[in-house]
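Residues per chain are reported as follows:
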Amino acid sequence: MNNFKFPYSRADVNKSDIKAVVKVLENQYLAQGNVVKNFENSMKKKFKVSDAIVCNSGTAALHSVYRSIGLDKKNGIITTPITFLATANAAKMCNAPVFFADVDSQTGLMTPKSLKEAFNKVKFKVKAVVVVHLGGHICDLEGISKIAKKNGSYVIEDACHALGAIYYGKEKSYVGSCKYSLASTFSFHAIKNITMGEGGAITTNNISLANKIRLNISHGMIKEKRKMINSPKDSPWYYQMRDFGWNYRASEISCALGLNQFKRIDRIIKKRNLTANLYKKYLSSNNNIILPNFSKNLYAKGWHLFQLSIDFKKLKIKKHLFMKHLSNHSIGSQVHYIPLVNQPYYKNNVEKKFLIGSNIYYQNTISIPMYTSLTKQDVKYISRVVNDFFN
Ligand SMILES: Cc1ncc(COP(=O)(O)O)c(C=O)c1O
């Protein structure tokens, strides 16, 4: 990916990020310190939630939520197949079954209708519906949460693509505010809207869930005396473990980067929105391409990806030749995602034949460069190369 002049994604690291990381290194306090806490508090304040927990990946965030709500052999999830492996894999880490609901063929998102159909077919108890805000486009949270509630399931938001986006429901709220969900999870992997190199976070308004998640990310280890059972007196060294957990903690170093980037998330989204609108300007006259949905509201989309929908089959062109054309001009592109049910590990899922929208989405959709350092000239150039392919 990095060999291209224009990769499909690139991190936004500036001098103040570097300064923030160096400051931590100079302090030599590298783990479990104040920077992690400050990052969590910043997130809590911005999203107006009772808890934010930072961890070392989006996968760790998902796994910690899944385990803390009690996923197991008999309690599974419904999610969509157009997502990164981790959304479903984290349920498998709890030995939990996964049922795949279809997506809208144009947006790649779960819809209330596709969720309803999934509930009619699923054979196990669905503890949670996990929505994926693909590419930074937000699912119909109100519609989906109503159906989930009716079926006795929680809603979890895999918001790994949607940091900084606002959901315009009855009232507007940041993704991560958990107005319609039990918890939201984020990834701060190198190419997400903000990065810690590798990292993640969970937000929730449920205190008891947050406490369980905190145990899960740190060996199940209790350090507060008031939470222990029969802690011995006069034993300041004492810690207690009642259930096992992982080491999913993030370092002070990576949190320094994450926190510093988080402070400018609104600016990052504004820039991504600008880039999306430039693509719209240069590509909307191309009848071979359907552009992603736009909104009149500046922060309504996270714009983690910029995805084109092209009916390759109808146009009798090969997707790989389009990608080759782009790469010949030093432009990276990617497919997000291969449906999970196409993976050998998930191939026995019975719902595969019903996933018509997912299959169309997979066939037609391709991501082209989207990141903050793209200039107007860059977007113009990339759009020209895209348009040239069809001439
Ligand atoms: C939708 C989605 N969910 C989960 C993850 C997992 O995040 P991480 O790579 O930080 O473990 C990713 C990351 O690529 C993702 O895109």
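Residues numbered from 1 in each chain as written. Predicted model: local features only at pLDDT ≥ 70, side-chain atom pairs only at ≥ 80, totals over all residues. Heavy atoms only, no water.

### Some words on the overall build of the chain
Helix and strand counts for the chain come out as 13 helices and 13 strands. On C-alpha atoms alone, the chain measures out to a radius of gyration of 22 Å, which is about the 21 Å that the 2.2 N^0.38 rule sets for 391 residues. Dimensions of the chain along its principal axes, counting C-alpha atoms only, are 80 × 55 × 40 Å. Within the span of the chain, comprising 391 residues, buried residues form 55% of the whole. Contacts in the chain between residues far apart in sequence, at least 24 positions, make up 73% of those at least 6 positions apart. In the form shown here, the chain has an accessible surface area of approximately 18500 Å², with 53% of it arising from carbon and sulfur atoms. (Helix = DSSP H or I, 4+ residues; strand = E, 2+ residues; numbered from the N terminus. Rg over C-alpha atoms; globule rule 2.2 N^0.38 Å. Buried < 20%, exposed > 50% of the residue type's maximum accessible area, 1.4 Å probe, protein only. Contact = heavy atoms within 4.5 Å. Areas by Shrake-Rupley, 256 points an atom, 1.4 Å probe, with all protein chains shown as cover.)

### Brief notes about the pattern of salt bridges
One pass over the full model with this rule turns up nine salt bridges. The partner of Asp17 in a salt bridge is Arg264, and the shortest N-O contact between them spans 2.8 Å. Taken as a pair, Asp17 in helix H1 (residues 15-27) and Arg264 in the loop between helix H8 (252-262) and helix H9 (265-283) lie far apart in primary sequence, 247 residues in all. The two residues Asp17 and Arg264 agree in class, both being buried. Here Lys227 and Glu224 are joined by a salt bridge, their closest N and O atoms 3.4 Å apart. (Salt bridge = Lys/Arg side-chain N within 4 Å of Asp/Glu carboxyl O.)

### As for the layout of surface pockets
Of the pockets and cavities examined, the largest pocket occupies roughly 720 Å³. Gln32, Arg214, Ile217, Ser218 and Glu224 are, among the 20 residues lining the largest pocket, the residues nearest its centre. Per-element tally for the lining of the largest pocket: the top contributor is helix H2 (residues 34-47), with four residues. Its residues assigned to classes, the lining of the largest pocket shows seven nonpolar, five polar and eight charged. Its volume calculated, the second largest pocket comes out at about 540 Å³. Lining the second largest pocket are 28 residues, and of these Phe84, Leu85, Ala86, Lys192 and Tyr337 lie nearest its centre. Looking at the lining of the second largest pocket, the elements that each hand over two or more residues are helix H3 (58-69) and helix H4 (86-92). The element that contributes the greatest number of residues to the lining of the second largest pocket is H3, accounting for three residues. (1 Å grid on protein atoms, 1.4 Å probe; cavity = no way out; pocket = protein on both sides within 12 Å on 5 of 7 lines; lining within 4 Å. Points joined across faces, edges and corners; volume = space filled by probe spheres on them. Nonpolar A, V, L, I, M, F, W, Y, C, P; charged D, E, K, R; others polar.)

### Considerations on the packing of aromatic side chains
For the structure shown, the criterion picks out 21 aromatic pairs. An angle of 45° between the planes, with centres 6.2 Å apart, marks the rings of Phe84 and Tyr337 as tilted. With Phe84 in the loop between strand E2 (75-79) and H4 and Tyr337 in the loop between helix H11 (319-328) and helix H12 (356-364), this pair connects stretches of sequence that are 253 residues apart. Assessed through its relative accessible area of 47%, Phe84 is described here as partly exposed. Tyr337 sits in the buried class, given a relative accessible area of 13%. Across from the ring centre of Phe354, 4.3 Å away, lies the NZ or CZ of Lys121, which sits over that ring. Positioned above the aromatic ring of Phe294 is the side chain of Lys280, whose terminal nitrogen or guanidinium carbon lies 4.6 Å from the ring centre. (Phe/Tyr/Trp six-rings, centres within 6.5 Å; stacked < 30°, edge-to-face > 60°. Lys NZ or Arg CZ within 6 Å of the ring centre and 35° of its normal.)

### Observations concerning the side chain of Ser309
Of note, Ser309 is situated in strand E12 (residues 306-309). By relative accessible area, Ser309 is classed as buried at 9%. For Ser309, the side chain forms a polar contact with the side chain of Gln106, separated by 3.0 Å. Once you skip the residues sitting within four places of it in the chain, Ser309 turns out to touch Gln106, Asn288, Ile289, Ile290 and Asn364. (Polar contact = N/O pair within 3.5 Å; in protein donor to acceptor, adjacent residues only side chain to side chain.)

Purely spatial values, then, with no claim about function.
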